Each structure stands twice: as C-alpha cells, then as structure tokens.
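Now for the letters of each chain:
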Amino acid sequence: MPTQPATDSGLRALEEENRRLRRAVRELSVLNDLAREIGASLDSQHIMSTIITRSLRAVRAEQGVITLIDRHADDGMRTLVRTEAGPHGGQALHVEESLLGWMQLNKRPLLIGDPPADDRFPGVRWDETVRSILCVPLLMKSELTGALTVFNKKGTDGFNEDDQRILSIVASQSAQVVENARLHEEEESLRRMEEELRLASEIQLGLLPDTAPRVPGYDIAGASVPAEMVGGDYFDFIRIDESRVAICVGDVSGKGLSASLLMANLQATIRAQALVQLHPQACLENANVLLSRSTDPHKFATCFYAVLDADAHRLLHSNAGHEPPLLVSADGETDTLSAGGLVLGFVEPLEYEEASVDMNPGDVLVVYSDGITDATDADDVPFGERRLRELVTGGRSDSAAGLIESIFEAVRQHEGEPGQFDDMTLVVVKREGT
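Overview of the structure. (Residues numbered from 1 in each chain as written. Predicted model: local features only at pLDDT ≥ 70, side-chain atom pairs only at ≥ 80, totals over all residues. Heavy atoms only, no water.)

### Some words on unusual backbone geometry
Here the bond from E348 into P349 is cis, since omega is -10 degrees, no more than 30 degrees from zero. Structurally, P349 can be placed in the loop between β13 (340-341) and β14 (355-358). Positive phi values are uncommon outside glycine, yet R60 reaches one of about 60 degrees. Within the secondary structure, R60 is located in the loop between α2 (44-59) and β1 (61-69). Relative accessible area serves as the criterion here: at 45%, R60 is assigned to the partly exposed category. Positive phi, close to 55 degrees, is recorded for K107, a residue that is not glycine. (Helix = DSSP H or I, 4+ residues; strand = E, 2+ residues; numbered from the N terminus. Buried < 20%, exposed > 50% of the residue type's maximum accessible area, 1.4 Å probe, protein only.)

See the structure below:
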C-alpha cells in the first residue's frame, strides 16, 4: 500500500500531460484551419468573418466582433471596421468604448465573468443579454490595431483561462493578416481614386481651349495651371462672329475635384449665355441666377467676362467679383477693369454694371486669377499686384504667350518650396502695333 500515493501522483501527472497535449492539438487544429482559410485572401471582411466564426467555435461563444481602430481619427478610438457573427435573428452585441479604452491602455487579454459586477468598469451599462466577455488585443509591433471580442460562453460557466489562451493565439496569428488585407484595400482604393482624378484631369483639360482664337490685329493667349490634378480655375474663348470673340476667366471656391465640377458647370453656363450674344452684363446676371439655383449655397464663383470687337477695337466687359484685370497702354500707363458686381451663385437676383474700353495699338490686357497675386513666399509675403504690374509693364513688348510664361515663372520663383498652393490662370490680349 505505500506505493498508492506515488501511483495517484503519476496518474494525475499523466492526466495533466494528456490534457496539455489535447489542448495543444486543439490549438494547432484551430490555427491550421484558420491559416488555410485566410492565408491567401486579401478580402478583409472575409478574413475577419472567418476569424470570428472559428473563434466562436473554438471557445463555444455565442457572438463575436472584431473592432479595428482608426489610427487617423482625432480621438484615436473611432471604429473603422466592425464585423460581427453570431446566431441568426439575435440582437448584435457591441463593444463598449470603455472596454476599448481599457484595451488601449493595457494591451492584454481581458476576461469578464460578470460584467455588471466588474469593478474595472464602474458606471458602464452593459447590455442585459451579456453574461460573460472575453476580449483580446490585435497588436502590430506593440501597437493596438484592434480587438477580438467574444460574448457569452455557451453553457452555465463563463470563459476560462484555456479560452483566453486560444483566443490570444488566434489574435496574435491573425493581426498581421488583417492588417495586410486592410492596407491592400486602402492601396486599391487610393489607386482607384488616383485613376478617377487622372480621368477628371483629362476631361477638365479638354474643356479648356486648345488654341487661342486668331483675331486680325491681336495677339491672344491663355493658360491655366491647377494646384492639384484638377482645379477650380478656367478660361475660355468663345467665337461669336468673325469680328467678335468673348473672353472669360473664372475662379470657383475651393480646390480639387469639387471645384472642378463647379468650374465645368460655370463654363457651360457662360457659353450658353455667350452663344445667344448677350451683353456681358446680361450674361453674368443670367449666369448668377442659374448657378444660384443649381449649386450648393456655400459655393460661389468669380468671373470676368468681356466681348472684344476687333473691328471697333473696343472691349465690352463686366466683372463678377473677380480680380480686376490690368490694362497696360503702350506708354506703360496702367488701369484696372472693375465694373460689375458680386460673385456668382451667392444670391439672386443681382444686377451687374457694364463698361467699355478702347483697345489702342500696343495695349495689353491681362486677366488673372487670385492664385497669381495671392501666391506667398517662405515668409508668407504675397506676390501681389505691384509685382504683376511691373512684370506686365516691363514685358508689354513680349508676345502674349511669352508674357504668360514669364509671369508664371516669376510666381514659381517667388513661391519656392513647397511650391504652388492655388490654381493659377492667365489670359493676355494684346493689340498689335504701336
């Protein structure tokens, strides 16, 4: 009989070893099945759904959720993706923000057997159907990227340390796969966005004139350089008849894709008014009504619109809140064309003033957007109208295209690094002769 205790001890050790081996086999089986199913996938929703399904089966839980943390959010805790699995027809359970906060601070598994009584979460009102919780972190290089949470162990007992161990292993093996899938989807989304912007840029460039109109006795040129792939500036030349051509420069609020869409709307509106040969005043008044009714009330556009009569050498013009164009005479005297009214699309109806000016031999008209004069250097000093006047006065003998290029180059030199901030547009109309 003296050998009985030793025999009992040996049996207990053997049982413990068998239990450890069964646990190890079970863990390996779970991980093997999981790796086989998600290893080749880059679909984050499929991957997370599979992880949850396998986790529910492994720890005999009723529901599960993976919450990924949006590291770009201001508060750092906003849910980026929430994937759930559980009994059909049941109410979906959600992870409390306080639980995610605890996970952010501690970055280790959390087992809760009686949520309402857990003193780590005082004041938290848990869903009355929640009986037990097991939450484990998804970590990438010690940084919390999310959490895997399961609810309600099936049966009478709550989750135990074996459940915590296997769920922690699942989380540690899954974190990299989930992150890779998410990064892949973000890259694909960015690639699609870049392609859409490229196409939008091509469409927008197609809306601008390919060449300037040939008008006897005049040298005309125009160019626009967006700050981003697409922009909100535009210029246009609209042939009315053999001796008259409409000239327009516009600038819509904002930058990027939304601005480019409003720009296209503005261009179509102005062209429609020009083709029925309305005076600049009436053209802008009608355009203002149409834009006010078709665009967001917080969006607006500035616009300078003029009609050049090459036979009479007169320019009929009106200005809707745009930078007043410069008119430089052959002897260097400068003037601005400011007759008009408020910006387009702000309120309707509005009345606009109209004026005319003679285009004498050697006169140079420069119509520009505020991206020229508002361009700032490293010390936040704007390029300004004075520099522009000096450039136009000094280069008034240059060709229209040459003057545009010299102005653009001067602005680029002024801005330096990091470079262009706003869209830049120029139209130059020069009467030849002296």
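Once you've had a look at it, read on.
### Quick look at the packing of aromatic side chains
If you walk through the whole model with that rule in mind, you get 2 aromatic pairs. When the ring of F121 is compared with that of W126, the centres are 5.7 Å apart and the planes differ by 85 degrees; the resulting orientation is edge-to-face. Judged by its relative accessible area of 5%, F121 is buried. Considering the side-chain rings of F235 and F237, the 5.6 Å spacing of their centres and the 65 degrees angle between planes classify their relative orientation as edge-to-face. On the accessibility criterion, F235 (3% relative accessible area) is buried. Judged by its relative accessible area of 10%, F237 falls in the buried class. (Phe/Tyr/Trp six-rings, centres within 6.5 Å; stacked < 30°, edge-to-face > 60°.)

Everything listed is a geometric property; what it means functionally is a separate question.
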